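As a plain string of letters, each chain reads:
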Amino acid sequence: MQDIAVRQDRIAAIGPGLAGTAIHEEDVGGRVVLPGLVDTHIHLDKSCLLCRCRDAGGGLKGAIAAVSGLKRAFTTEDVYARGARTLERAITQGTMFMRAHVELDPLVGLRSFEAMKRLKRDYAFAIDLSICVFPQEGMTHDPEVEGLLTQALADGADLLGGCPYTDADPSLQMERIFALAVAHDVDLDFHLDFDLDPAWSHLEEICRRTMAAGWQGRVAVGHATKLAVLDDAALERMIALLAAAGVAVTALPATDLYLNGRDRKHRAPRGVAPVHLLADGGVTVSVATNNVLNPFTPFGDGSLIRIANLYANLMHLGPENFGECIDTISTGAARLMRIADYGIMVGGRADLIVLDAVDEADAFGGIAAPVMGFKRGRKSFVRPAAVLMRSQT
Ligand SMILES: [Zn+2]
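The rules behind each value
Residues numbered from 1 in each chain as written. Predicted model: local features only at pLDDT ≥ 70, side-chain atom pairs only at ≥ 80, totals over all residues. Heavy atoms only, no water. Helix = DSSP H or I, 4+ residues; strand = E, 2+ residues; numbered from the N terminus. Expected span 1.5 Å × (residues − 1). Buried < 20%, exposed > 50% of the residue type's maximum accessible area, 1.4 Å probe, protein only. Contact = heavy atoms within 4.5 Å. Pairing = 2+ DSSP bridges. Axes fitted to C-alpha atoms, helices over the stretch in contact; angles between N-to-C directions. Donors = N, O, S within 2.8 Å, 3.2 Å for Na, K, Ca; no water. Tetrahedral: all angles 85-135°; square planar, octahedral: opposite > 155°, others 65-115°.

A short note on helix α2 (residues 76-92)
Working step 1: The terminal C-alpha atoms of α2 lie 24 Å apart, and with 17 residues this matches the ideal 24 Å at 1.5 Å per residue to within 8%.
Working step 2: Residues of α2 that are buried: Thr-76, Asp-78, Val-79, Tyr-80, Arg-82, Gly-83, Ala-84, Thr-86, Leu-87, Ala-90 and Ile-91.
Working step 3: Buried residues along α2 sit in contact with β4 (37-42), β5 (95-103), α3 (111-122) and β14 (378-382).
Working step 4: Remark: Gly-94 follows α2 within two positions and exhibits a positive phi of approximately 105 degrees.

Structural data, given as structure tokens:
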């Protein structure tokens with residue numbers, strides 16, 4: 001059993017016998033401690049919409065259309081309230097870094113973005129929220145969209161996303177998004193290849209543009225579900241290309257399982273990018289939440305451990321792989337977001353969670369709940385473990 005000493009917002013020492021030397025001590029009873037978890041891909045602005053939209057007609061197109069129909073009525077206060085509900089759940093499930101993908105278009109203007117900036121400020125005590133603005137409804141058909149993205153980048157957005165599959169001219173969107181990223185010196189995170197048709201893909205173009213822009217290590221793609229249907233040789237080629245281009249990949253199993261392969265009924269393929277195989281090939285990968293309680297994914301409790309557990313379950317990954325599964329929501333995800341000094345090490349950030357389990361395999365396999373967390377060395381939440389109330393006789 002090890003002690004962790006914290007000074008201000010950093011880990012000062014790790015080892016046995018440190019107890020009794022600090023001003024304040026916390027006995028966590030030998031429980032597992034992990035670095036605060038990292039959710040690289042979530043949509044706070046359209047979370048918690050089930051009460052307004054019970055039947056989206058199924059599938060990706062239906063979900064986009066359903067949210068599009070609601071978006072015009074979004075107010076900053078409404079987005080803030082729904083986002084706060086999801087954010088608080090995520091915080092108490094151990095998430096301490098998050099990349100929120102926020103839609104900008106003429107329907108919603110900058111209202112969701114303004115709400116995100118307020119959430120970032122109000123919850124900074126517990127989580128570092130990074131704001132990724134992107135054009136979910138397409139971009140090249142309407143110059144107003146690029147104007148909104150530019151305005152947001154000048155006014156607090158941390159990075160830029162793209163969504164070429166919904167654009168009238170996908171290639172032109174990628175060209176413009178890369179140009180904006182270079183002009184504003186920001187990282188990129190695309191929604192990409194969100195179907196199971198291997199006949200076409202935007203992934204190679206993203207890799208090519210990443211290398212041409214010199215943006216290696218600064219570009220991520222989410223979904224990439226086509227990777228789930230490639231044959232072995234094609235997957236190997238794609239892994240080598242992604243590794244060479246420094247393009248990271250995020251699997252979003254809750255959404256990808258729910259939306260993909262519906263035409264195959266009971267024989268539906270999984271439709272989730274096999275990111276553990278990509279990691280073996282040197283690609284930076286993460287597994288993330290994406291949507292919570294909306295037509296894209298009518299499920300969700302904000303738990304990243306549950307999402308990574310779902311990924312492990314569907315990919316046939318057992319205890320021998322649990323460590324790499326935890327990496328997809330911690331160390332690997334932190335690399336994707338370029339978070340410096342992440343991890344439990346001397347000099348590392350004192351962003352720590354305590355799980356209600358005594359070893360890592362139990363914690364991951366059993367989806368252990370965090371019982372408390374420390375952000376920048378300060379206790380940021382508690383979530384007491386359940387207590388059985390035996391009858392008193
Ligand atoms: Zn998404």
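From this point, the narrative continues.
Side note on the sheet that holds strand β3 (residues 32-35)
Working step 1: In space, the four strands of this open sheet follow the order β3-β12-β13-β14, with antiparallel pairing throughout. The open sheet is flanked by β3 and β14, the only strands paired with a single partner. Strand after strand, the sheet turns through a mean of 25 degrees between neighbouring axes, direction not considered.
Working step 2: As judged from the four bridges shared by β3 and strand β12 (residues 352-355), these two strands associate in the antiparallel manner. Directly across from Val-33, in β12, lies its bridge partner Val-354.

So, the coordination of the zinc ion
Working step 1: Binding of the zinc ion to the protein goes through His-41 (NE2), His-43 (NE2), His-191 (NE2) and Asn-290 (OD1), at separations of 2.0 to 2.3 Å.
Working step 2: Relative to the metal, the four donor atoms surrounding the zinc ion lie at angles of 85 to 173 degrees, and the coordination shape comes out irregular.
Working step 3: Site description for the zinc ion: donor spacing in sequence, H-x1-H-x147-H-x98-N. Here His-43 is found in the loop between β4 and α1 (59-71), whereas its partner Asn-290 is found in the loop between β11 (285-287) and α10 (304-314), with 247 residues between them in sequence.

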